[in-house]
Every structure is written in structure tokens, then in C-alpha cells.
Amino acid sequence: MKRQKIAAGNWKMHKTFEEGQGLAQEIRTMAATEVMPEAKLLIFPPYIHLQAIAKQLAGSGIGVGAQNINQNEQGAFTGEVSASMLKSIDIHYTLVGHSERRQYYNETNASCAAKIVTSIKHNIVPVYCIGETLAEREANAHFSIVEEQLSAMKGLSNEDAAKCILAYEPVWAIGTGVTASADQANEMHIHIRKCVANMFNDEIASGISILYGGSVKPDNAKSLFAMSDIDGALIGGAALASRDFIDIAKSF
Ligand code: PEP
């Protein structure tokens, strides 16, 4: 099965409103002439940008997503944003379980499971982020940790599981300049696909896009994308410069 190739940019807590508009415009202009149509671009700006950038990029084919979503429908959850609010401004993607949210905001596999369910219920595609810490890798627990994180998808129907995108991001490679080698990343992607096959079936496992994240740059993207089970990238730092982001998207 042919899987979707995806370059996704996570802007984290960067860019003022004007800077965000500028970056989105540059990405739109460059993507139109430089990126092959089979590659899907996604950007995840901070909340304040979402409505404006979704309008700005309408018709471009570039998807816009939130960096987080609340699992509840509505209510007294100060500071949070719901799925129906996102839908009301035409947002169709969200990150779930980014390691920074797990580390600083106590997100757990259980809260991620609820966020995945809520997202899908509102037709928002969850990009579910998983990955081990350095200590977990050194203890040789990386495969089991990732399997445990994937269990957040367990309650989904086959149909809903097929709507998810996965992002393997070893925590030790995020924002550190250290990338997992293409072989290390691919080995984990193969493991993830096996776990998905065990939870659902082979068809879903072979169809689901699995992105790699962790210090992806224009100079290492090609070797990562050449691997059998790496379908794209979730990009942090390099997604803040349009030239770098587009060069990564051109590496498929
Ligand atoms: C990320 O934030 O998801 C990420 C992978 O960051 P960086 O590319 O900067 O390592």
C-alpha cells in the first residue's frame, strides 16, 4: 500500500502573529513550485495563529493543525481549547502527546488516548507522538516503552485507527542536534508497524504513515526518507525557516 508522505512543522512557542503570517506565506509560495504534489505539508503553529493561517493557506493543500487539544467537549478547563472550537475555524489536524507536553504538562498515555478519541470524533486527524527517553534507550526499554505508548490507540475501531498519523520522536533527539541514525529510526518504525498490526491488522499497519522526528534537517532528511518505513518527518527547529522546511519536504 502506498503511504502518504508528510513533512510536518511544529512551530512550538515561536513566532509573533506577523512573523507567523510571513512564514506561512513563504511556505505557501515555495511549496507551490518546489514540492512534489504527493508530499503533504502540515504546519502546527501556536493557537493564536490558527484561524489566520488556516484562511491564509486555504486552497493551497497545506494542512494546519493545533499543537494540543483538550479531550473534553467543553466546560471549566481554563486555558484549554476544544475539538469543536478547532473545527469551527477549519482546523483538521492536531498533535497529541508531544514529548514536551508529556514532560511539562503531565500528559499520560491515558490522557492521550482520550485526546485521540475526541479528535477523531470531530474529524480532526491526530498526529500521535511517541518515543523513548535516553535513559529508557540505555536501559534497552525503548521497544517496550513505545509499545506501551501505542496502547493509547487500543480502544479505537479499525476504521478510526486508520485515520491516525504516528510520529516516532526519540526524546534524546528532539532539539538536541542529535538525530537517530536512519537505521535506528527505521528499526523502531518497523517495530511500531508490528505493534499496530498486532492491535489492529496488517492492512492498517501497512497503510498508516509514521513520521520520524528529532533534529531533522535538510542535510539528513534524504537518508531518513530513503528508509523502508519512514514516511516523513515531524520537524521542530528547521520548520521555523521556510527554506529549510521546504528543502526537507523536497527530500522525498
Ligand atoms: C519536535 O519538536 O517535534 C522536534 C522534532 O523538534 P526538532 O526538530 O527541533 O528536534
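Criteria and thresholds
- Residues numbered from 1 in each chain as written.
- Predicted model: local features only at pLDDT ≥ 70, side-chain atom pairs only at ≥ 80, totals over all residues.
- Heavy atoms only, no water.
- Disulfide = S-S within 2.5 Å.
- Salt bridge = Lys/Arg side-chain N within 4 Å of Asp/Glu carboxyl O.
- Helix = DSSP H or I, 4+ residues; strand = E, 2+ residues; numbered from the N terminus.
- Buried < 20%, exposed > 50% of the residue type's maximum accessible area, 1.4 Å probe, protein only.
- Near = heavy atom within 4 Å.
- Polar contact = N/O pair within 3.5 Å; in protein donor to acceptor, adjacent residues only side chain to side chain.
- Areas by Shrake-Rupley, 256 points an atom, 1.4 Å probe, with all protein chains shown as cover.
- Nonpolar A, V, L, I, M, F, W, Y, C, P; charged D, E, K, R; others polar.
- Arc of directions from axis to C-beta.
- Contact = heavy atoms within 4.5 Å.
- Pairing = 2+ DSSP bridges.
- Right-handed = clockwise from strand over helix to strand, strands pointing away.
- Core = buried A, V, L, I, M, F, W, Y, C linked by side-chain atoms within 4.5 Å.

K.L.:
Is there a simple way to think about the state of the cysteines in this case?
P.N.:
Each disulfide is one covalent bond, formed between the sulfur atoms of two cysteines. Under the counting rule described, the total for this entry stands at zero disulfides. Cys-129 provides the cysteine sulfur closest to Cys-112, a residue in no disulfide bond, and the two sulfurs are 8.5 Å apart.

K.L.:
Teacher, can you tell me more about the pattern of salt bridges here?
P.N.:
Evaluated as defined, the whole model comprises 12 salt bridges. Residues Arg-3 and Asp-231 are paired through a salt bridge, measuring 2.8 Å at the closest nitrogen-oxygen approach. Taken together, the residues span a long stretch of sequence, with Arg-3 in the segment before β1 (5–10) and Asp-231 in the loop between α11 (218–225) and β8 (232–235) at a distance of 228 residues. With its nearest N and O atoms 3.0 Å apart, the salt bridge here joins Arg-101 to Glu-107. For Glu-107, a relative accessible area of 8% gives the class buried. Salt bridges sharing partners connect three or more residues here, namely Arg-3, Arg-193, Asp-229 and Asp-231.

K.L.:
Help me out: how do you make sense of the site of the ligand in this one?
P.N.:
Taken together, 14 residues lie around the ligand, and Lys-12, Glu-169, Gly-175, Ser-215 and Gly-236 are the ones closest in. Gly-175 places a polar main-chain atom, nitrogen or oxygen, 2.6 Å from an oxygen atom of the ligand. Taking 290 Å² as the accessible area of the ligand by itself, protein coverage stands at 97%. Broken down by class, the residue content of the shell around the ligand amounts to four nonpolar, eight polar and two charged.

K.L.:
Teacher, can you tell me more about helix α12 (residues 242–249) here?
P.N.:
Since there are 3.6 residues in each turn of an α-helix, residues three or four apart along the chain are aligned in direction. Those residues of α12 that sit buried are Ser-242, Phe-245, Ile-246, Ile-248 and Ala-249. Buried positions in α12, seen along its axis, are confined to an arc of 155 degrees and lie on one side of it. If you follow the buried residues of α12, they end up packed against β1, α1 (17–34), β2 (39–44), α11 and β8.

K.L.:
When you look at the pairing of β2 in this model, what are you seeing that I'm missing?
P.N.:
On any regular strand, side chains alternate: one points to one face of the sheet, the next to the other face. Among the six residues in β2, five count as buried, and that is most of the element. As paired elements, β1 and β2 share six bridges and run parallel to each other. Looking across to β2, one finds that Ile-6 is bridged to Lys-40. Handedness of the β-α-β unit built from β1, α1 and β2 comes out right-handed. Relative to strand β3 (residues 63–66), β2 runs parallel, the two being bridged by two bridges. Across the sheet, the residue bridging to Ile-43 is Val-64, located in β3.

K.L.:
What is the right way to look at the nonpolar core in this model?
P.N.:
The nonpolar side chains of a soluble globular protein tend to be buried with one another. Membership of the largest hydrophobic core comes to 69 residues, with the highest contact counts inside it found for Leu-41, Met-153 and Ile-192. When residues no more than four places from it in sequence are discounted, the contact partners of Leu-41 are Ala-7, Ile-27, Ala-31, Val-35, Gly-61, Ile-62, Gly-63, Phe-245, Ile-246 and Ala-249. Core analysis: the next-biggest nonpolar cluster, separate from the first, contains 12 residues, Leu-42, Val-127, Ile-165 and Ala-167 among them.

K.L.:
Help me out: how do you make sense of unusual backbone geometry in this one?
P.N.:
Leave glycine aside and you will find that most residues have negative phi; peptide bonds, for their part, are mostly trans. Unlike most non-glycine residues, Asp-90 shows phi in positive territory, near 70 degrees. Examined against the element boundaries, Asp-90 turns out to sit in the loop between α3 (83–88) and β4 (93–96). Its identity is not glycine, yet Asn-123 carries a phi of approximately 60 degrees, on the positive side. Mapped onto the secondary structure, Asn-123 falls in the loop between α5 (109–121) and β5 (125–130). Judged by its relative accessible area of 54%, Asn-123 is exposed.

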